[in-house]
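Per-entry structural report
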Amino acid sequence: MTTEIAIENIAQYVGQKVTIKGWLYSSTRKGKLLFMRLRDGTGITQGVAFRPEIGDELFETLKRLGQESSLIVTGEVRANDRAPGVPKGYEVNIESAQVLQDTQDYPIGLKEHGVDFLLDHRHLWLRSRRQWAIMRIRATVKRAIIDFLDSHGFLNVDTPIITPSAAEGTSTLFEVDYFDEKAYLAQTGQLYNEANIMAFGKVYCFGPTFRAEKSKTRRHLAEFWMVEPEMAFFDLDDLMAFEEAFVSYIVQTTLEKRRAELEVLERDVSVLENVKPPFPRISYDEAIERLHAIREATEDEELKELLKIEWGDDFGSPHETELTKQFDRPVFVYGYPTAVKAFYMEPWPGRPEICKSVDLLAPEGYGEIIGGSERMSDPDLLVEAIRRHELPMAHYQWYVDLRRYGSVPHSGFGLGLERTVAWICGIDHVRETIAFPRTLTRMRP
Ligand code: 4AD
Ligand code: MG
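Just so it is clear, the structure is predicted and the values come from calculations on it, not from any experiment. (Residues numbered from 1 in each chain as written. Chains lettered and ligands numbered in written order. Predicted model: local features only at pLDDT ≥ 70, side-chain atom pairs only at ≥ 80, totals over all residues. Heavy atoms only, no water.)

Across the sheet, three strands lie side by side as β8-β10-β9; this open sheet has antiparallel pairing. Two strands bound the open sheet, and with one partner strand each, they are β8 (162-163) and β9 (175-178). (Pairing = 2+ DSSP bridges. Helix = DSSP H or I, 4+ residues; strand = E, 2+ residues; numbered from the N terminus.)

The next thing to look at is the domain arrangement of the protein. Splitting the protein by domain gives domain 1 (3-101) and domain 2 (123-280 + 327-433). Computed over C-alpha atoms only, the centres of domain 1 and domain 2 are separated by 43 Å. The junction of domain 1 with domain 2 conceals about 810 Å² of combined surface from both sides, 50% of it contributed by carbon and sulfur atoms. On the domain 1 side of the contact with domain 2, Tyr25, Arg39 and Val86 bury the most area, a combined 44% of that side's loss. In this structure, the salt-bridge partner of Glu68 is Arg127, at a minimum N-O distance of 3.0 Å. Our count for the contact surface shared by domain 1 and domain 2 stands at six residue pairs in polar contact (both at pLDDT 80 or more). Breaking the side of domain 1 that touches domain 2 down by element, the ones donating at least two residues are β2 (17-30) and β3 (33-39). (Domains from an automatic or database assignment. Buried area = accessible area lost by both parts, 1.4 Å probe. Salt bridge = Lys/Arg side-chain N within 4 Å of Asp/Glu carboxyl O. Polar contact = N/O pair within 3.5 Å; in protein donor to acceptor, adjacent residues only side chain to side chain.)

Close to ligand 1 lie 23 residues; Glu168, Gln190, Arg211, Glu228 and Glu368 are nearest. Within the contact set of ligand 1, an oxygen atom lies 2.8 Å away from a backbone nitrogen or oxygen of Ile369. Against a free-state accessible area of 630 Å², the protein chains account for coverage of 94% of ligand 1. Mapped onto the shell around ligand 1, the elements with two or more residues apiece are β12 (223-232), β18 (367-374) and β19 (410-416). Of the residues that constitute the shell around ligand 1, the class distribution is seven nonpolar, eight polar and eight charged. (Near = heavy atom within 4 Å. Areas by Shrake-Rupley, 256 points an atom, 1.4 Å probe, with all protein chains shown as cover. Nonpolar A, V, L, I, M, F, W, Y, C, P; charged D, E, K, R; others polar.)

The subject of this paragraph is the side chain of Lys356. Mapped onto the fold, Lys356 is located in the loop between β16 (351-355) and β17 (357-362). Lys356 sits in the buried class, given a relative accessible area of 17%. Other than its neighbours up to four places away in sequence, Lys356 contacts Leu236, Glu346, Pro347, Trp348, Pro349, Ser373 and Glu374. (Buried < 20%, exposed > 50% of the residue type's maximum accessible area, 1.4 Å probe, protein only. Contact = heavy atoms within 4.5 Å.)

The tally for this structure, following the rule as stated, stands at 21 aromatic pairs. With centroids separated by 5.9 Å and ring planes inclined at 20°, the aromatic side chains of Tyr334 and Trp348 adopt a geometry described as stacked. Pair noted here: Tyr334 is in strand β14 (residues 331-334) and Trp348 is in strand β15 (residues 347-348), with a separation of 14 residues, a long-range link. We classify Trp348 as partly exposed; its relative accessible area is 25%. Following the ring pairs from residue to residue traces out a cluster consisting of Phe148, Phe154, Phe234, Phe242, Phe246, Tyr249 and Phe413. The positively charged end of Lys142 is found above the aromatic ring belonging to Phe206, 6.0 Å away from the centroid. The ring of Tyr399 carries Arg403 above its face, with NZ or CZ at 4.2 Å from the centroid. (Phe/Tyr/Trp six-rings, centres within 6.5 Å; stacked < 30°, edge-to-face > 60°. Lys NZ or Arg CZ within 6 Å of the ring centre and 35° of its normal.)

For an α-helix the count is 3.6 residues per turn, leaving residues at separations of three or four pointing the same way. Across the nine residues of helix α15 (residues 417-425), nine count as buried, placing the element largely inside the fold. Within α15, the full set of buried residues consists of Leu417, Glu418, Arg419, Thr420, Val421, Ala422, Trp423, Ile424 and Cys425. Looking at the residues trailing α15, positive phi occurs at Gly426, about 70°.

Structure below.
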């Protein structure tokens, strides 16, 4: 009897005869032994073929198979400490095999390739160990996000992708032709979330969002996924307490469920283990002081130049990077200048030049992974803000209505999935955290 298994569950089958359907990742030969690294999408394991056992003909066939040939193998699972793989420590003693397709000349070798070449071959690159590990981690992060929110009283309400107006500035809109009317791909679901909380209390949307970002940084995609929780009867302090619990849960859950994948990425997990409440909280004013002090202290002239900043300026990545280096876990920066933030943020009581905004910056130089705020709850202030930002009032009437009929203090935030995954994985660029990245210079494959 043989059982068809997924490699990720191989530990349960030691001593049993199993069938694995997959692809050849690589192979090496030692005399009469052929070691085949097999992958099936859920893991990688070592298949061992022994010439006297399987016969010359099959041995020769297997020996000649090229990388990424598809095949089905059957054999007994053995524990072997030295066997590589994910999970490691297991191998299959091949008894029989059926080749579906012998592939020769697979374009991606196990050697180094340039990133442009790899991105051109993204449809194949996804099969590589590191990319595979990243996508598995991404799925777990996504699952953790949903589990946390669903078990904390949130209702998942989907928000539209085709929208008539901007919510996060007019400079990054992707235009679409909506039956001869101008429309845009959503930059955020937030404004609709604000309508939804007045109906359902706590809600979240989680979907793709679009920004025509003209920047070629390692943090920007043109299409990215954002989870946006929004809560009625929630102020800025409630928001920070909620965010730190949320992010800690995501990180700890990923650590628990994706150890093997993090190991493939050679991630230093000790940093992630620190990610527990409370997170440090500093005001924008204090952040500026800290940045000035860092500038004073450095002898690196280039860095000094990059870190130039005055009160009122928004942070660039170098500022966020240097600030986060001072902490061993994510840090909140709150109370940004009103002028650098979106139109809908609640003014700081007694200091209208700043607002009740808060960004969460990830450590190790990763920077902003969450942007959020308490929202304006007064209809007259909101109308004024819409005017000040020169937004077309007619498009925002419904949004102002929310403040006319039972307005309450409320808050919410958006967490960028790709930036969060990049940080958890410890990788350089967000483009590897999504299966088919869309950037300024790329929308293929
Ligand atoms: O700070 P942002 O622009 O906030 C909003 O859109 C709010 N409406 C969210 C809310 O309060 N409901 O974006 C939120 C997060 C950022 O912190 C970042 O993680 C991610 O979305 N993000 C991007 N990720 C990848 N590529 C881009 N171009 C991104 N722009 C924002
Ligand atoms: Mg932001």
